[in-house]
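# Reading the structure
Residues per chain are reported as follows:
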Amino acid sequence: MKTFSIWITGISGAGKTTLANNINAVLNLNQYKSIALDGDGIRKKMNKDLGYSIKDRDENTRRIACMSELLSLQNLITIVSVISPMRNQRAYAKEIYGDDFNEVYLKASLEQCIERDIKGLYKQALDRKDTDFTALTSPYEEPENPDLMIDVSVNNAKQAAQILIEFLQKKYSLKLKP
């Protein structure tokens, strides 16, 4: 089977990791070999030497894209959940990975994500007046032409997963039971 990458982008709290884990579970349940790569987890382990400047975010994206591409050579579908706030970062990731790179944008308002704040990151950033927190004090450039956009203000986690499943079924002729 041909491998591909699902690159899920959006601001903190949009549901990237939840969607990645849900899709990874569905793929594995249906006998497709896949792996979910979470930006927070990778930052804590492999990329702990990087900060949050634009230069460091560029390098973070480059490393994750290279890892995704290397895993695809092992016949794994990669599901990447990472903010990758700048358009040029995502374009570079696509250039590294190749044609079967699928940019999935989880559109969520800043207000909605601050209200949810599951990890307490917005509260921490606001309390310490963080200068490098995406969408608060550091930019997030919305994708201009993502392969798929899911508005999480009108779609819950289950609906978002179903939308992505339908996209994959259509694009790759996958046989997926949720």
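Figured I'd write up the structure that's included with this text. It should be emphasised that the depicted structure is a prediction, and the values quoted were computed from it without experimental measurement. (Residues numbered from 1 in each chain as written. Predicted model: local features only at pLDDT ≥ 70, side-chain atom pairs only at ≥ 80, totals over all residues. Heavy atoms only, no water.)

### Considering helix H7 (residues 157–172)
We count it as follows: We count a stretch as a helix when DSSP gives it H or I for four or more residues in a row; a strand needs E for two or more, and each element gets its number in order from the N terminus. Expected helix span is taken as 1.5 Å per residue step, with the number of steps being one fewer than the number of residues. Burial classes follow relative accessibility: with a 1.4 Å probe on protein chains only, a residue under 20% of its type's maximum area counts as buried, one over 50% as exposed, and anything between as partly exposed. To obtain the arc, one takes the directions from the helix axis to the C-beta atoms. In this analysis, two residues are considered to be in contact whenever any of their non-hydrogen atoms come within 4.5 Å of each other. Residues adjacent in sequence count toward polar contacts only when both atoms are side-chain atoms; beyond that, a polar contact is any pair of N or O atoms within 3.5 Å, and within protein one must be able to donate a hydrogen and the other to accept it.
Across its 16 residues, H7 extends 22 Å between first and last C-alpha, which sits within 8% of the 22 Å expected from 1.5 Å per residue. Looking only at H7, the buried set comprises Ala160, Ala161, Leu164, Ile165, Phe167, Leu168 and Tyr172. All buried residues of H7 lie within an arc of 160 degrees about the axis, which places them on one face of the element. Residues of H7 that are exposed and point over 90 degrees away from its buried face: Lys158 and Lys170. Of the surrounding secondary structure, the elements contacted by the buried residues of H7 are strand S1 (5–9), helix H1 (16–29), strand S4 (101–107) and strand S5 (148–151). A side-chain oxygen of the first residue of H7 lies 3.1 Å from the backbone nitrogen of lysine 158; this N-cap is asparagine 156. One or two residues past the end of H7 sits serine 173, with phi positive at roughly 55 degrees.

### Here's the deal with unusual backbone geometry
The residue serine 84 is not glycine, and still its phi comes out positive at about 35 degrees. Here serine 84 is to be found in the loop between strand S3 (77–81) and helix H4 (87–97). In this model, serine 173 sits at a positive phi of 55 degrees, which is unusual for a non-glycine residue. By the secondary structure assignment, serine 173 is in the segment after H7. Taking relative accessible area as the criterion, serine 173 reaches 53% and is therefore assigned exposed.

### Considering the pattern of salt bridges
Formally: Salt bridges are identified by distance alone: a Lys or Arg side-chain nitrogen within 4 Å of an Asp or Glu carboxyl oxygen.
All told, the structure shown has seven salt bridges when counted by the stated rule. Here aspartate 49 ties to arginine 63 by a salt bridge, and the two come within 2.9 Å at their closest N and O atoms. Of this pair, aspartate 49 sits in the loop between helix H2 (39–44) and helix H3 (54–72) while arginine 63 sits in helix H3; the two residues are 14 residues apart in sequence, bridging distant segments of the chain. On the basis of relative accessible area, aspartate 49 is assigned to the exposed category, the value being 53%.

### Focus: the packing of H1 against H7
Using the following cut-off: Here an axis means a line fitted to C-alpha atoms, over the contact stretch when the element is a helix, while the angle between two N-to-C directions is reported on a 0 to 180 degree scale. For this classification, under 35 degrees means roughly parallel, over 145 means roughly antiparallel, 65 to 115 means roughly perpendicular, and everything else is oblique. Crossings are classed by handedness, with left-handed meaning an anticlockwise turn of the near helix from the far one by less than a right angle and right-handed meaning a clockwise turn. Residues are sorted three ways: Asp, Glu, Lys and Arg are charged, Ala, Val, Leu, Ile, Met, Phe, Trp, Tyr, Cys and Pro are nonpolar, and all the rest, Gly among them, are polar.
At their nearest, the axes of H1 and H7 sit 10 Å apart, and the two run at 55 degrees to each other. By the criterion of interaxial angle, the relationship of H1 to H7 is oblique. As H1 packs across H7, the resulting crossing turns out to be right-handed. Facing Thr18, Leu19, Asn22, Ile23 and Val26 of H1, the residues of H7 in contact are Ala157, Ala160, Ala161, Leu164, Ile165 and Leu168. The residue makeup of the contact of H1 with H7, split by class, is nine nonpolar, two polar and no charged.

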